[in-house]
Amino acid sequence: MLDDAKRAAAPKCTKRRADGQHCKANAIRGTDSCRRHAGKSLAVVRAQVAVRDEVLRWGLGDATVDPGELLLRLVTQAAIRADAYAADLSRIVAETDGDLRKALTGDSYTVTAEGDPVKTGEYVRAITKLEADERDRAANFAAKAVAAGLAERQVRLAERQGELIFSVIRAILDDLNLSPEQQAVASEAASRHLRSVS
């Protein structure tokens, strides 16, 4: 009886059967489709659900946050931090006559804006480690983002933006009351220029 209650409470497939009725089969955990309507191999669906579950377990957002968008933000944040660490490291290395070994070992010092000497060797080692960790983190998030299908989502968004831009250009051309020959030339030119920037 408890199993029946669990089965009844399980999320149901939201797709429609061939006869037009709702499927109502149990959905694959983390999706809105049953095995038949998922349209992908079970291994692919399980991998996507695993990525989504892991992102939600991180506790970086609630269930209403799109995991793909969250991953994209995390990739960006990690890349920005890694670049900031690299810039700071480059500055310190430049202050030690461009010698990374000298910056990493021994007693290296820099001078503050007030003219005070500051020992930087330990800081350089720490910032080198932080940069490497952030780059690894960014790569990890990027791999998860690819697994979550972000690349496909970005392509769809770019296609929609292109269609929108083309429809705006088409509306502008229609408002100009051009002859059919002029409209054809303008449409071809607009298409050519849009392709060149895509």
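What you are looking at is a predicted structure, and each value in this text was computed from that prediction instead of being measured.

A. Spatial organisation of the environment of phenylalanine 141. By the element assignment, phenylalanine 141 lies in helix α5 (residues 121–147). For the pair phenylalanine 141 and threonine 76, spaced 65 residues apart in the sequence, the C-alpha separation amounts to 9.2 Å.

B. Focus on the side chain of glutamate 131. Mapped onto the fold, glutamate 131 is located in helix α5. Relative accessible area serves as the criterion here: at 15%, glutamate 131 is assigned to the buried category. When sequence neighbours within four positions are dropped, the list of residues in contact with glutamate 131 reads Ala82, Tyr85, Ala86 and Leu89.

C. Spotlight on the environment of isoleucine 169. Counting through the fold element by element, isoleucine 169 comes out in helix α6 (residues 150–175). Under the relative-accessibility criterion, isoleucine 169 is labelled partly exposed at 24%. Remark: the alpha-carbon pair of isoleucine 169 and alanine 190, spanning 21 residues in sequence, is separated by 7.5 Å. Contact partners of isoleucine 169, with chain neighbours within four places excluded, come to Ala190 and Leu194.

D. How the structure looks around the nonpolar core. Ranked by size, the top nonpolar core spans nine residues in total: Val51, Leu70, Leu71, Leu74, Val75, Ala78, Ala138, Phe141 and Ala145. Put simply, the parts of the chain that give this core at least two residues each are α3 (67–95) and α5. Judged by nonpolar contacts, the second largest core, of five residues, contains Leu89, Ile92, Val124 and Ile127.

E. A look at a nonpolar patch on the surface. Among the surface-exposed residues, Leu164, Val168, Ile172 and Leu176 lie close enough to one another that they form a single nonpolar patch of about 380 Å² accessible area. Mapped onto the elements of the fold, leucine 164 is located in helix α6. A relative accessible area of 55% means that leucine 164 is categorised as exposed.

Definitions and limits used
Residues numbered from 1 in each chain as written. Predicted model: local features only at pLDDT ≥ 70, side-chain atom pairs only at ≥ 80, totals over all residues. Heavy atoms only, no water. Helix = DSSP H or I, 4+ residues; strand = E, 2+ residues; numbered from the N terminus. Buried < 20%, exposed > 50% of the residue type's maximum accessible area, 1.4 Å probe, protein only. Contact = heavy atoms within 4.5 Å. Core = buried A, V, L, I, M, F, W, Y, C linked by side-chain atoms within 4.5 Å. Patch = residues over 30% accessible without salt bridge, like charges linked within 9 Å, V, L, I, M, F, W, Y side chains within 5 Å. Areas by Shrake-Rupley, 256 points an atom, 1.4 Å probe, with all protein chains shown as cover. Salt bridge = Lys/Arg side-chain N within 4 Å of Asp/Glu carboxyl O.

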